[in-house]
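One-letter residues, chain by chain:
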Number of protein chains: 2
Amino acid sequence: MTVDTIAPRRHRVVIIGSGFGGLFAAKHLKRADVDVTLIAKTTHHLFQPLLYQVATGILSVGEIAPATRIILRKQRNAEVLLGDVVGVDLKNKTVTSKLLDWERVTPFDSLIVAAGAQQSYFGNDHFEAFAPGMKTVDDALELRGRILGAFEAAEVTTSEAERKRRLTFVVVGAGPTGVEVVGQIAELADRTLKGAFRTIDPTQARVILVEAAPAVLPPMGPKLGLKAQRRLEKMGVEVKLNTMVTDVDYLGLTVKEGGQDGEDTRIEAAVKVWSAGVQASPLGKQIAEQSDGTEVDRAGRVVVEPDLTVKGHPNVFVIGDLMSVPGVPGMAQGAIQGAVYATKQIKNELKGSAAPADRKPFKYLNKGSMATVSRFNAVAQIGKVEFGGFLAWLAWLGLHLYYLVGSRNRIVAVYSWFITFLGRGRSQLAITERWVFARRALEQSRDQSAQKSIG
Amino acid sequence: MTVDTIAPRRHRVVIIGSGFGGLFAAKHLKRADVDVTLIAKTTHHLFQPLLYQVATGILSVGEIAPATRIILRKQRNAEVLLGDVVGVDLKNKTVTSKLLDWERVTPFDSLIVAAGAQQSYFGNDHFEAFAPGMKTVDDALELRGRILGAFEAAEVTTSEAERKRRLTFVVVGAGPTGVEVVGQIAELADRTLKGAFRTIDPTQARVILVEAAPAVLPPMGPKLGLKAQRRLEKMGVEVKLNTMVTDVDYLGLTVKEGGQDGEDTRIEAAVKVWSAGVQASPLGKQIAEQSDGTEVDRAGRVVVEPDLTVKGHPNVFVIGDLMSVPGVPGMAQGAIQGAVYATKQIKNELKGSAAPADRKPFKYLNKGSMATVSRFNAVAQIGKVEFGGFLAWLAWLGLHLYYLVGSRNRIVAVYSWFITFLGRGRSQLAITERWVFARRALEQSRDQSAQKSIG
């Protein structure tokens, strides 16, 4: 083969991110006459809605995090690159990714940015070491170590006050993730760990859900929120509404109950989980700054045009948790619909049958939302229909089985659920030396004390 | 209840370690009139012989590391404490354990020390960051990140030399663990990852097994060693015998081929796995020093009396990888037999039917040994019978199913093997940001460079 025979370069679509937005964008370009490069900073596609089950010992990492390149193995027009995208240059149409000691510049014709969001501490980033979020596999394993490690630590201590502190679990934020993780911590303590200790009684653990708003699951409306709250309270979870977190440290947290005018109260707690808000990837701001008239909202999400692009760059789509479109929640279905929309425009325009000017605005179809509260109990909202209890839980089960990518994972997940929900076992209670009981938080706490004593 | 009604204190057996020795000791005291305290620095019982399958993406951590306290939940005379034992005081009969910010002193009447061994670098501890061992769950997850991360890194690079380096995998030590892990790296590259990359061809990965001795699997004899070697070579593994490792760094390793008089050769390799030797827990030395006339061998193992105790302390048993008894290999069966023997002496003497002076010496029954080379292929030695191939693999399969603790894990493990050995998939290919591709090694390498440029 000589240089002359090189084929003309195909239209290259670069996708940033391997979450629901990024993966579905790649898949929907399967039959398109394009080259696809998916760049992500993890090697897996994370099924984030089930991450709380990794944190509480029900599922293994592999069950909710299949390797992206194995999913796309047979899609010959797609390549997958591991890298943390640090720069997007809209003018020169390049993406720069870095990881450890390698760096790469990838040119694009079309760009789909699905870089997602991370936990937000609303300017209090020092909370993070003490109250990890629930966004990555690392987060979930860290939390698993802290949650199970706290019971171990309580069993060992001889101080009654310290035992109580170690058996107190606080989840901050009563959105779906917060409700699901707090419910599972309660079931882990009440069912799985019952009888497994000799000094402590795990069923006596204090499990608290803290929420600044006046209701649980605020976006799902007062009726379902109350249903979920009642169920959690029946399980022994203390639900503290209208409660703001003002400080978090190694030993516990300080909250203000009853809104702004309330008084500061201290909760001594070994385990704190943060699920109170999200902050979009910094790539959002970087992209907006390169486009005249494109803004980011308070959470750092890009306020996109009706066709999900940034002003002046009809080839640059922003989708998923990184885009800000009124009425579209930061959930899987919003990301998937954005991916389908963006890839459809690219495909149509490559065929020559349409131009960016002809694009119809993106329309979000709300298929409903749901949250599991405990085994056999969930709340669901589909259109104007709201329901809770066992029926909603069955709906949750069916939906998650349908969406769990890869049939292999599905079989093991069902088996794991069978063990946990019908029985009381959990298959993944292992914690490693590196994850165990807030080692990182302890170290940070010592650093801070050292700095204070120096300063 | 008043103070008067407190029952007389029962004989307390403290067990250090939750491996095969520690767990089986606890279980064999189930019906004894004793209180058992098992102290371990992990919360799980690790099925170490299958750790290489976690490292190579076949099994999840939970499948080979069930929680110790769940296994012992129904054994009411046993308690499990998480803690790193730092001190054993034979005179005052106490054990001191520490972990993070807690410390605990536990008194004992009888003590069973099954604290095991860790990887040995024969005095070159700086190798460890670059060539992790295969002893803990953390090790396996770290290696999984490095192995899979190396393929990702190779796909990203544009330098041909660097691509080759990233696709070179070296396992040091051709004992059972070394043979098993090198075989699985080869199958991962040749089968599971085939077709999943666009720039590199994973089947072209260079996989090398380095061994200082003149044979593979030295303790299994020349016939089986040669069988295993032939099979590995057929799979494309380069087997370098009579080869000593003289240096390991971030970029690769230096070896001396052909024994002491050989010349230094450089192998550029991103992934190095160390399975060349073991060093017993430092508790061995600590215990020997408290007993007149008890020694430790070169690997730090305690040279025990014929009844597995230390001289002058018939109530202190040392078992498993921490004991040195001629003819007993550092394998699960040796640890289990030691546990059965030690607990039998304790039970007999508590009944009053025997005294320490009456003990018959410990006798090791060699039930044979085996190592898997690849799917459908193993080598096995049972008594004087030696065999290899598919039959040996079936024997391996049956034995490991039998010994995998907990029927739940067994079902999922079989399912995972079905996927990997009959198909070519692997359920646990997820690597986390913290594990990926030798981050720790890179940092250490930078530290060393910085020190060199300062020095």
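Read on for an overview of the structure.

### Side note on the overall build of chain A
Logical step 1: Check the secondary structure of chain A and you find 13 helices and 23 strands.
Logical step 2: A globule of 455 residues ought to have a C-alpha radius of gyration of about 23 Å, and chain A, at 23 Å, matches this closely.
Logical step 3: Projected onto the principal axes, the alpha-carbon positions of chain A cover approximately 80 × 60 × 50 Å.
Logical step 4: Among the 455 residues that make up chain A, the fraction classed as buried is 58%.
Logical step 5: A fraction of 63% describes how many contacts in chain A between residues 6 or more apart in sequence connect residues 24 or more apart.
Logical step 6: For chain A, the accessible area works out to roughly 18800 Å², and carbon and sulfur atoms hold 54% of it.
Logical step 7: One finds the centroid of the 57 positive side-chain charges in chain A at a distance of 8 Å from the centroid of its 46 negative side-chain charges.

### What to know about helix α7 (residues 176–192) of chain A
Logical step 1: In this model α7(A) runs 22 Å from its N-terminal to its C-terminal C-alpha over 17 residues, within 8% of the 24 Å that 1.5 Å per residue would give.
Logical step 2: Within α7(A), 13 of the 17 residues are buried, which leaves the element mostly enclosed by the surrounding structure.

### So, the relation of the copies chain A and chain B
Logical step 1: Of the two same-sequence chains, chain A is brought onto chain B (RMSD 0.0 Å, axial shift 0.0 Å) by a rotation of 180°. Taken together, the rotation angle and the small translation identify this as a two-fold axis. Nearest to the rotation axis, the C-alpha of Ser60(A) is located 3.2 Å from it, this being the minimum over chain A.
Logical step 2: Both copies share a contact surface, since 100% of the interface residues of chain A are interface residues in chain B too.

### Some points on the sheet that holds strand β21 (residues 369–374) of chain A
Residue and element names in this part refer to chain A.
Logical step 1: Taken together, three strands build an open sheet; the order of strands is β21-β22-β23 and the sheet is antiparallel. A single partner strand is all that each edge strand has here, and the edge strands are β21 and β23 (385–389). Going across the sheet, the axis of each strand differs from the next one's by a mean of 10°, ignoring polarity.
Logical step 2: As paired strands, β21 and strand β22 (residues 377–382) are joined by five bridges and run antiparallel to one another. Residue pairing in the sheet places Ala371 in a bridge with Val379 of β22.
Logical step 3: Packing against the sheet, helix α11 (residues 390–403) makes contact with β21, β22 and β23, and its axis sits at approximately 100° to β23.

Cut-off values and rules
Residues numbered from 1 in each chain as written. Chains lettered and ligands numbered in written order. Predicted model: local features only at pLDDT ≥ 70, side-chain atom pairs only at ≥ 80, totals over all residues. Heavy atoms only, no water. Helix = DSSP H or I, 4+ residues; strand = E, 2+ residues; numbered from the N terminus. Rg over C-alpha atoms; globule rule 2.2 N^0.38 Å. Buried < 20%, exposed > 50% of the residue type's maximum accessible area, 1.4 Å probe, protein only. Contact = heavy atoms within 4.5 Å. Areas by Shrake-Rupley, 256 points an atom, 1.4 Å probe, with all protein chains shown as cover. Lys, Arg positive; Asp, Glu negative; His and termini not counted. Charge placed at Lys NZ, Arg CZ, Asp CG, Glu CD. Expected span 1.5 Å × (residues − 1). Least-squares fit on C-alpha atoms with pLDDT ≥ 70 in both. Pairing = 2+ DSSP bridges. Axes fitted to C-alpha atoms, helices over the stretch in contact; angles between N-to-C directions.

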